[in-house]
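Here are the chains, one letter per residue:
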Amino acid sequence: MRSIVVSRLIRSKTSFPRLYGRYLSTESNNVDEPFKVEEAETVNVPPPQTEKLLVLGGNGFVGSHICKEALDRGRSVGSLSRSGRSSIQDSWASNVTWHQGNLLTPGSWEDALDGVTAVISCVGGFGSNSYMYKINGTANINAIRAASEKGVKRFVYISAADFGVVNYLLRGYYEGKRAAESELLVKFPYGGVILRPGFIYGTRRIGSMKLPLGVIGSPMEMVFQHTKALTQVPLVGPLFTPPVDVTSVAKVAVRAATDPVFPPGVLDVYGIQRYSQKKT
């Protein structure tokens, strides 16, 4: 580890401040003699700790953008997923430490938390109600508890906005999300941040293909900016929640994980948009 070299000056005479118009010295009869420097001693001071960020699900759509954003901000970044190393060929990917493990299998992944100062979880998925609860709920709860036991300072969870009637159709998905949120607020009352975006758009990679969801999402976001009042309509109102750009989600997630004064709690899509426009 590189050290910071500091020169410490050692005075040859012990001097005191001027008292009643005279300088007093313990070793000299010359009351106005300036102090002398006989030598300089080199002291090794360790540099401040580098912030280390662990992204759970860092090889996915949202997770990969978070990894890149964190690297751009000069953070040390690791990713944990069941597949391990990402297939992304972009140059920044080589600067990520890729860990392989399963949050549902104790003992297979906890070492990835060593030295970590903050965690961002993008873990989630769809399927049967029981499967969705396990992936969105249990897996994240395991991560939150392990991070708390390891002394991690901050934990950011990428959750999801309510969508009214959709919540009933995807019951396991939303019940799992909300269970993980509750656990986070208990374990990280001062350093836990929950982001609740709606539809996240951007360019998704599907194998070798790139799907430009921004073609749909960006115009929808502009239109739905003016329909906020409609989101209060019972059942169908949440369907008017505006989409949000994946780069905005990544920017706010990294800031929430690394800024010690970022307020804890739940941030909805409008809060995500607001914070993404603020300069850091």
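Residue numbers restart at each chain and count upward from 1, following the sequence in its written direction. Only residues with pLDDT of at least 70 get local features here, since the model is predicted, and only at 80 or more are side-chain atom pairs given and counted; chain-wide, interface and lining totals rely on the full set of residues. The side-chain quantities take in all heavy atoms of the structure and omit both hydrogens and water.

**Concerning the sheet that holds strand β13 (residues 265-268)**
Within a sheet, each strand pairs with its neighbour through backbone hydrogen bonds, oriented either parallel or antiparallel.
Okay, so step 1: Paired strands, as defined in this entry, are two strands with at least two bridges between them according to DSSP. Secondary structure follows DSSP: runs of H or I at least 4 residues long count as helices, runs of E at least 2 residues long count as strands, and numbering of each begins at the N terminus. In spatial order, the strands read β5-β4-β3-β6-β7-β8-β13; together these seven strands make up an open sheet with parallel pairing. Edge positions in the sheet fall to β5 (97-100) and β13, since each has one partner strand and no second. Strand after strand, the sheet turns through a mean of 20 degrees between neighbouring axes, direction not considered.
Okay, so step 2: Summarising the sheet, strand β6 (residues 118-121) and strand β7 (residues 154-158) pair through four bridges and their orientation is parallel. Axis definition: a line fitted to C-alpha atoms, over the contacting stretch in the case of helices. Angles run 0 to 180 degrees between N-to-C directions.

**Comments concerning helix α1 (residues 61-72)**
Okay, so step 1: For α1, with 12 residues, the first-to-last C-alpha span of 17 Å sits near the 16 Å given by 1.5 Å per residue.
Okay, so step 2: Of all the 12 residues making up α1, nine are buried; the element is thus mostly covered by neighbouring parts of the structure.
Okay, so step 3: Each residue is assigned to one of three classes by its accessible area relative to the maximum for its type, calculated with a 1.4 Å probe on protein chains only: buried under 20%, partly exposed between the two thresholds, exposed over 50%. Among the residues making up α1, those that are buried are F61, V62, G63, S64, I66, C67, E69, A70 and L71.
Okay, so step 4: Where α1 ends, the next residue or the one after it, G74, has phi of about 80 degrees, a positive value. By this rule the span expected of a helix is its residue count minus one, scaled by 1.5 Å.

**What to know about the pairing of β7**
Moving residue by residue along a regular strand, the side chains alternate between the two faces of the sheet.
Okay, so step 1: Among the five residues in β7, five count as buried, and that is most of the element.
Okay, so step 2: Of the two faces of β7, the one holding R154, V156 and I158 and the one holding F155 and Y157 are both buried throughout.
Okay, so step 3: Assessed by its sense of winding, the connection that carries the chain from β6 through helix α2 (residues 129-149) to β7 is right-handed.
Okay, so step 4: Judged from the four bridges that link them, β7 and strand β8 (residues 192-196) form a sheet pairing that is parallel. Pairing of Y157 across the sheet is with I194, part of β8. A right-handed crossover is one whose linking path, passing over the helix from the first strand to the second, runs clockwise when the strands point away from the viewer.

**What to know about the packing of helix α6 (residues 246-258) against helix α7 (residues 269-276)**
Okay, so step 1: For the pair α6 and α7, the least separation of the axes is 9 Å and the interaxial angle reads 80 degrees. It follows from the interaxial angle that α6 and α7 lie roughly perpendicular. Only I272, Y275 and S276 of α7 make contact with α6, whose side of the interface consists of S248, V249, K251, V252 and R255.
Okay, so step 2: Three classes are used, and their members are as follows: Ala, Val, Leu, Ile, Met, Phe, Trp, Tyr, Cys and Pro are nonpolar, Asp, Glu, Lys and Arg are charged, and the others, Gly among them, are polar. Each residue belonging to the contact of α6 with α7 can be placed in one class, and the counts come to four nonpolar, two polar and two charged. For classification purposes, an angle smaller than 35 degrees is called roughly parallel, one larger than 145 roughly antiparallel, one from 65 to 115 roughly perpendicular, and anything else oblique. Note on definitions: a residue-residue contact is assigned when non-hydrogen atoms from the two residues lie within 4.5 Å.

**Details of the packing of aromatic side chains**
Okay, so step 1: Centres within 6.5 Å are what make two rings of Phe, Tyr or Trp a pair, Trp counting through its six-membered ring; a difference in plane orientation under 30 degrees is then read as stacked, over 60 as edge-to-face, and the rest as tilted. Scanning the model with the defined rule gives four aromatic pairs in all.
Okay, so step 2: Between F126 and Y173 the ring centres are 4.6 Å apart and the planes differ by 5 degrees, which places this aromatic pair in the stacked class. Of this pair, F126 sits in the loop between β6 and α2 while Y173 is found in helix α4 (residues 171-187), placing the two residues 47 residues apart along the sequence.
Okay, so step 3: Among the residues examined, F126 registers a relative accessible area of 55% and is labelled exposed.
Okay, so step 4: Among the residues examined, Y173 registers a relative accessible area of 11% and is labelled buried.
Okay, so step 5: With centroids separated by 5.1 Å and ring planes inclined at 75 degrees, the aromatic side chains of Y173 and Y174 adopt a geometry described as edge-to-face. Considered together, Y173 and Y174 belong to a single accessibility category, that of buried residues.
Okay, so step 6: Aromatic ring contacts, followed pair by pair, group F126, Y173 and Y174 into a single cluster.

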